[in-house]
Amino acid sequence: MNNPDLLRRSLAAVWHPCTQMKQHAGGGLPMIPIARGQGAWLYDFDGRRYLDGISSWWVNLFGHANPRINAALAAQLGELEHVILAGFTQRPVVELSERLSALTGHALGHCFYASDGASATEIALKMSFHGWRNRGRERKRNFLCLEGGYHGETVGALAVTDVAIFRDAYAPLVRAAATVPTPDARDARDGETPADIARRAARALERHLDEHHESIAAFIVEPLIQCASGMAMYDPEYLRLARALCDRYEVHLICDEIAVGCGRSGTFFAHEQADIKPDFLCLSKGISGGYLPLSVVLTTDAVFEAFYDDATARGFLHSHSYTGNALACRAALAVLDIFAEDRVIEQNRSRAQKLADALAPLSAHPNVRHPRSRGMIAAFDVATADPNFQRRFYRAALERETLTRPIGNTVYLMPPYIVDDEEIAHLGRAVAAALDAALAG
Ligand SMILES: *Cc1c(COP(=O)(O)O)cnc(C)c1O
């Protein structure tokens, strides 16, 4: 099957995600059929290649066709692909739960599984509400989120997602949560440091909780980096203060680490950098190395015990068909093995520095604002009035063998953790050249 054929059939039969399909008509926006992947590279049918600068929507950690994950999955296929997780259990799900719990220092020792990030958000929200209700705190039925926060796009998850392009069209369906100001470090008023901004945002949180805590079940945050609204980065001080306020006002703290977990922020979990523990921790995306859909919500003994009872209805009866899928859990175990065997968190320190360095020359570019990085994410904003900048940049980078996906005028790199020096240099060159090409129009 050649490229044009697959392209035509895809546009006819596949409704692509997060896409205005008409933009692909007549070759406007490219649609690229991929034949295979190897390491950080994707190859089409004509031998063209693209460096995966966004880890295929932030999921791929150790490259495409990773031999170790492949081998683990092949072995698992010979034993068990899947079994119902109600009334049955299996080795991969037990081992994964134990190892994730150990990674939280056993503070979050109970793992509940689903298949995607939005479902993990919904599980955390439902569990928080239901846990309070089981303890007789019926009034705690509202949620609180950050301005610019993103927690998924199902109708329930949209309630705590504050990104207009995803939420506005469905506003009539959504029971929107209240928002409090983001600690986004770009919002400095005269002379403020990122920690000052964090303290200012925490004071707003305190005022909100002081007034409304009796009706609030949980506060949900993306620790350190609000990825989907444009890689907004903030100081860990905010998480420390938020944790203390949630304790004081008896509100659960949900850390949505679906994007920033699994090493992306520089530590295995982003919340470690604030030296706190959440009441709920949501993981997905990188957890299976980008192989299979898997998400998990970890929580504490205290929450678990609120459901442990003779009455069925006091249990958490939420269910998904593929919950705890053995293949997906096996992929996740292979990912955790790679983290341990290759000392990935340690190795990524110099890799992250090189990634930041690759974009550093652009700080002097007249259109570049707020260059920033944390862990394996590097980003900057582009000052331009061109409403088509995003698409122009995307296309210009593809022409330079590089997959990026700017968010509005924010350009970022979020590559797999296996990119080598030459690949990082390639990313830096491609971004610089694509920026100038896109701005030239
Ligand atoms: C991607 C993402 C989600 C949603 O995950 P899906 O698997 O796309 O439903 C939720 N929260 C955060 C922080 C994310 O980045």
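See the structure above.
Residues numbered from 1 in each chain as written. Predicted model: local features only at pLDDT ≥ 70, side-chain atom pairs only at ≥ 80, totals over all residues. Heavy atoms only, no water.

Asker: Looking at this structure, how should I read the sheet that holds strand 6 (residues 178-180)?
Answerer: By way of backbone hydrogen bonds, the strands of a sheet pair with one another, either parallel or antiparallel. Strand order across the open sheet formed by 7 strands is 4-12-11-10-7-5-6, with mixed pairing between neighbours. Edge strands, defined here as strands with exactly one partner in the open sheet, are strand 4 (110-114) and strand 6. This sheet shows a mean twist of 25 degrees between the axes of neighbouring strands, independent of strand direction. Inspection of the sheet shows strand 5 (residues 142-146) paired to strand 6 by 3 bridges, in the parallel sense. Residue pairing in the sheet places Cys145 in a bridge with Thr179 of strand 6. With respect to the sheet, helix 4 (residues 91-103) is in contact with strand 4, strand 11 (280-283) and strand 12 (295-299), its orientation differing from that of strand 4 by roughly 125 degrees. (Pairing = 2+ DSSP bridges. Helix = DSSP H or I, 4+ residues; strand = E, 2+ residues; numbered from the N terminus. Axes fitted to C-alpha atoms, helices over the stretch in contact; angles between N-to-C directions. Contact = heavy atoms within 4.5 Å.)

Asker: Teacher, can you tell me more about the site of the ligand here?
Answerer: Around the ligand lies a shell formed by Trp58, Asp116, Gly117, Ala118, Tyr150, His151, Gly152, Glu222, Asp256, Ile258, Ala259 and Lys285. Ala118 places a polar main-chain atom, nitrogen or oxygen, 2.8 Å from an oxygen atom of the ligand. Between the ligand and Lys285 there is a distance of 2.6 Å, counted from an oxygen atom to a side-chain nitrogen or oxygen. Considering the ligand on its own, with 380 Å² of exposed area, one finds that the protein chains cover 82% of that surface. (Near = heavy atom within 4 Å. Polar contact = N/O pair within 3.5 Å; in protein donor to acceptor, adjacent residues only side chain to side chain. Areas by Shrake-Rupley, 256 points an atom, 1.4 Å probe, with all protein chains shown as cover.)

Asker: Honestly, the pattern of salt bridges in this entry has me stumped. Any pointers?
Answerer: For side chains bearing opposite charge, pairing can occur when the charged atoms are close. Here the structure, examined in full by the defined rule, presents 28 salt bridges. Residue Glu237 pairs with Arg199 through a salt bridge whose shortest N-O separation is 3.7 Å. In this pair, Glu237 is assigned in helix 9 (residues 237-248) and Arg199 in helix 8 (residues 194-212), connecting sequence segments 38 residues apart. Between Arg343 and Glu346 there is a salt bridge, with its nearest N and O atoms 3.2 Å apart. The class for Arg343 is partly exposed, based on a relative accessible area of 46%. Judged by its relative accessible area of 41%, Glu346 is partly exposed. Among the charged side chains, a network of salt bridges with common partners joins Asp184, Arg186, Arg372 and Asp381. (Salt bridge = Lys/Arg side-chain N within 4 Å of Asp/Glu carboxyl O. Buried < 20%, exposed > 50% of the residue type's maximum accessible area, 1.4 Å probe, protein only.)

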